[in-house]
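Summary of the model geometry
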Amino acid sequence: MSEKLRLRFEKTGRAVYISHLDLMHTMQRAFNRAGYRLKYSEGFNPHPQIAIALPLSVGAASRCEIMDFKLLEDPDLAELPARLTAAMPEGVRVLEAYEPSRKVAELKWLRVEGLFEYDERDAGEMAAALADFFRQEQIVITKKTKRGMGETDIRPAIRESLFTPGDKLVNITATISAQEPTLNPELLAEALRQLRPELAPDFAKFTRLETYDAEMEIYR
Amino acid sequence: MDKRLERILPRVQKPARYTGGEYNQIIKDKEQVELRLAFCFPDTYEIGMSNLGMSILYHTMNSLPFLWCERVYAPWGDMYEEMKKAGIPLYALESGDPVSQFDSLAFSIGYEMAYTTVLDMLDMAGIPLRSADRPGLLPLIWAGGTAAVNAEPMAPFMDLFVVGEGEEVDNEVMTLLRDAKRGGWSKQEFLVKAAQIQGVYVPSLYEVQYHEDGTIAAVTPRDGAPARVTKRIISDLDKVPFPTAPIVPSTEVVHDRVSLELFRGCPRGCRFCQAGHVYRPLRAKKPETLIRQGIESLENTGHEDVTLLSLSTSDYRQLPALCDGLLEYCEPRSIGLSLPSLRADNFSMEIMQRLQKVRKSGLTFAVEGGSQRLRDAVNKNVTEEDVLHTCSIAFAGGWNTVKLYYMLGLPTETDEDILGIAEMANQILHCWRVNAKNKNRGVKITVSTSCFIPKPQSPFQWEAQISLEEYLRRVNLLRSAITARNVTYNWHDAETSLIEAVLSKGDRRVADAIEEVWRQGGRLDAWTDYFSFQRWMDAFKTCGVDVDFYAHREAGKDEILPWDHIDVGVRKAHLWHEREMCYKSKLSPDCRHQCSACGAAKLLEGGIKCDE
Ligand code: SF4
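As the structure is a computational prediction, the values presented were derived from the model and not from experiment.

Details of the interface of chain B and chain A
- Chain B puts 31 residues into the contact, and the matching count from chain A is 23 residues.
- For the pair chain B and chain A, the two sides together bury roughly 2,100 Å², of which 45% comes from carbon and sulfur.
- When the area that chain B buries against chain A is broken down by residue, the three leading residues are B:Arg7, B:Tyr23 and B:Glu304, summing to 29%.
- Put simply, chain B and chain A have 5 salt bridges between them.
- For B:Arg7, the salt bridge goes to A:Asp119, with nearest N and O atoms at 2.7 Å.
- Those elements that place two or more of their residues in the side of chain B that touches chain A are helix H1 (3–8) and helix H9 (287–301) of chain B.
- Per-class residue counts for the side of chain B that touches chain A are 11 nonpolar, 10 polar and 10 charged.

Here you go:
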């Protein structure tokens, strides 16, 4: 049996609509198709031992997904990415496979890119106003928590943010907290809808770009 | 991806069913193909992606190098609303291109309640509903599937139907369409030529005349179309292509597994059963073929379940050899093998125990009739002893749920027959008490009834359906007879069955009502979420469709039935004989014991014999 292994993969294009649960199932079948045998848990209802680090919400893309798994035999890690990618649905691409040296809990920050689309408004003005908005010391929004609706300040979960105007859109790059607390980047748009509706985009979408640890070193 | 689509997808339920991009989808270069075909399934993605016929034909049609066949399903209500609001027309999953740009739309219609969805999909694609309102050759709108055995209710909407199995005829039709497109033929020229292909029914080439009493006086073909359209079949199933690299959905669907088709046709001849008659003659695949195709499919899909499909799986002669071969591959890989339609009468202990090693599910019996007399009358060859014997083995082996399915309203049914249903449930309960190893887990027996629907091309095609009131009376009779705590009784409402009876036995005059229901908002009628009985009844009234005439009237022996010009192989005289046997409460032999010369064997080619 193999040691715990880690996969880094992309989920882009049409694959962004595959839900977290469906992705687990898709992964399982992709391993089967590629001829790798996942290790299953013991017990009455065995399931493959795979864990995707930070569930991605439906509609969001990522270039830095992380999944841990175990195989029944030791694979050739160099050939695994290409072989597994060939067995994936459109939009899922395996970047690398390795034996991880760090725990998932050490993953602290995520760099994300967002596109805020403005159909009728001036992108330059919006970019400037957005920068002002996210520079505030507190951004308190109402959101669903485990105990019903509650007030949360999302500002501490945003480490840095940059707003660049484009054609009918503002391009955002931000570093946001990945765990404890987890900030769903969708809340950046939600904050505007709640607090400054005139800045809220007509449509927003996000892509995860890179994973970092607490010291802002790239996490692997 | 279309920008408008990108904005609505995050808002709808299960968006992955609207995007395509699944593993094994077929992508071609649209500039390089001559024909683009939208293969439409008039129900949701989850249902359509579970349909083996659709999967087979997607691959056989895509084997034509000049054609790209893409999938199209009906969006669920939320997506439908969003698409309307955003002005997004119906699009195909592989390319995302609007269906209106395609050369042809082919519908796979398996059940009558899908009719309104067919119209809705045409409308969402911006295509006129009626064949007569589409003067050009393209887009060619056609359909196949079980609905083609009585194509009349949908006849005005379709340019042509294919009757029977599509693996060959679909490709012939598409090849002819390519020639027509190249040669710049008119639609009329094309249809006249297409009607010469065996299995092709072009409704516009048949004129229907009616008697004063509403029955059919004559159906007259023109332009050389055959007087009767003979169904197409594949004589040798071992040689026909079977897709061993089917598309693997990236989201959950109804049957998320590899399906293997053991045989086509059914040796049983249950008299209420349309499928058992229209899929004849009986042809089986060799176990070697199935094992090879099963293993290849599992390797190409990564599925963890394989299921054996057929009308009566346990009638497959080499079932033990097939199971052995598959289990040899499946067991070490924890792949589940399931047999969905095992019969009570030859459920073998051996097979059950072997499957038990892999997976265990509930026992299901389609008993259909409540007494032996009635079961003989409908030729349902299941005895109480068979059911009890199977149950005793199953209970001893640890099974503890049993589902029993019945129909109410079968020809010749009496109240005594109905009370027999409750009696059998009690017997099974008793059987459990005697045989169960571990009684702590309890037992669950479920009795379900549905209302009998007389179906075209079956021995009961002349029958009348019982009224809604009568069905309810029979339900209440049974309800008061079922008293045991472990026995649950579920009855399906008869309203859907009534609409189905009108649609399945309908003629061309019913088409107006189907269109009217769609105009009043009807779509996805197979779903209780969307089905409206009132909407159908109103439409029948508006369009002058007499429900009693179609559903509750017994047809005469010599009456021309709306589907008589479609020849599915089985002779009308055979069906009539079977019906007469019903009224004598007499069984007919199973094909395996004695061939009753039903007529379907005439379809076989190449010296192949029925059930060889
Ligand atoms: S030809 Fe004979 S054996 Fe074949 S399906 Fe008909 S009755 Fe059965």
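Having seen it, we continue.
Comments concerning the site of the ligand
- Residues in close proximity to the ligand include B:Arg280, B:Cys591, B:Cys595, B:Ser596, B:Ala597, B:Cys598, B:Ala601 and B:Cys610, which together make up its full environment.
- When the residues that make up the shell around the ligand are grouped by side-chain class, the tally is 6 nonpolar, 1 polar and 1 charged.

Digging into the side chain of B:Ser392
- Structurally, B:Ser392 is set in helix H13 (residues 384–396).
- Look at B:Ser392 and you get buried, because its relative accessible area is 17%.

Points about the sheet that holds strand S18 (residues 487–491) of chain B
All names here are of chain B.
- With parallel pairing, the 4 strands of this open sheet are ordered in space as S15-S16-S17-S18. At either end of the open sheet lies a strand with only one pairing partner, and these are strand S15 (363–368) and S18. In this sheet, neighbouring strand axes are inclined to one another by 20° on average, regardless of whether the strands run parallel or antiparallel.
- The sheet contact formed by strand S16 (residues 401–408) and strand S17 (residues 444–451) spans 8 bridges and is parallel. Each bridged residue has a counterpart across the sheet, and for Tyr405 the counterpart in S17 is Ser448.
- Across the sheet, helix H14 (residues 415–435) is in contact with S15, S16, S17 and S18; its angle to S16 comes to roughly 170°.

Focus: the pairing of strand S8 (residues 216–221) of chain B
Residue and element names in this part refer to chain B.
- One ladder, built from 5 bridges, connects strand S7 (residues 206–210) with S8; its direction is antiparallel. Following the sheet pairing, Glu207 is matched in S8 by Thr220.
- Hairpin connection from S7 to S8: 5 residues lie between these consecutive antiparallel strands, with Gly214 at a positive phi of about 95°.

Quick look at the domain arrangement of chain A
All names here are of chain A.
- By domain assignment, chain A separates into domain 1 (5–101) and domain 2 (107–212).
- Computed over C-alpha atoms only, the centres of domain 1 and domain 2 are separated by 28 Å.
- Each partner contributes to the interface: domain 1 provides 12 residues, whereas domain 2 provides 11 residues.
- Summed over both sides, the interface between domain 1 and domain 2 buries roughly 900 Å², with carbon and sulfur atoms accounting for 59% of that surface.
- Here domain 1 is connected to domain 2 by 1 salt bridge.
- Close ionic contact of Arg208 with Glu65 constitutes a salt bridge, the shortest N to O distance being 2.8 Å.
- Linking domain 1 with domain 2 are 6 residue pairs in polar contact (both at pLDDT 80 or more).

About the criteria used
Residues numbered from 1 in each chain as written. Chains lettered and ligands numbered in written order. Predicted model: local features only at pLDDT ≥ 70, side-chain atom pairs only at ≥ 80, totals over all residues. Heavy atoms only, no water. Contact = heavy atoms within 4.5 Å. Buried area = accessible area lost by both parts, 1.4 Å probe. Salt bridge = Lys/Arg side-chain N within 4 Å of Asp/Glu carboxyl O. Helix = DSSP H or I, 4+ residues; strand = E, 2+ residues; numbered from the N terminus. Nonpolar A, V, L, I, M, F, W, Y, C, P; charged D, E, K, R; others polar. Near = heavy atom within 4 Å. Buried < 20%, exposed > 50% of the residue type's maximum accessible area, 1.4 Å probe, protein only. Pairing = 2+ DSSP bridges. Axes fitted to C-alpha atoms, helices over the stretch in contact; angles between N-to-C directions. Domains from an automatic or database assignment. Polar contact = N/O pair within 3.5 Å; in protein donor to acceptor, adjacent residues only side chain to side chain.

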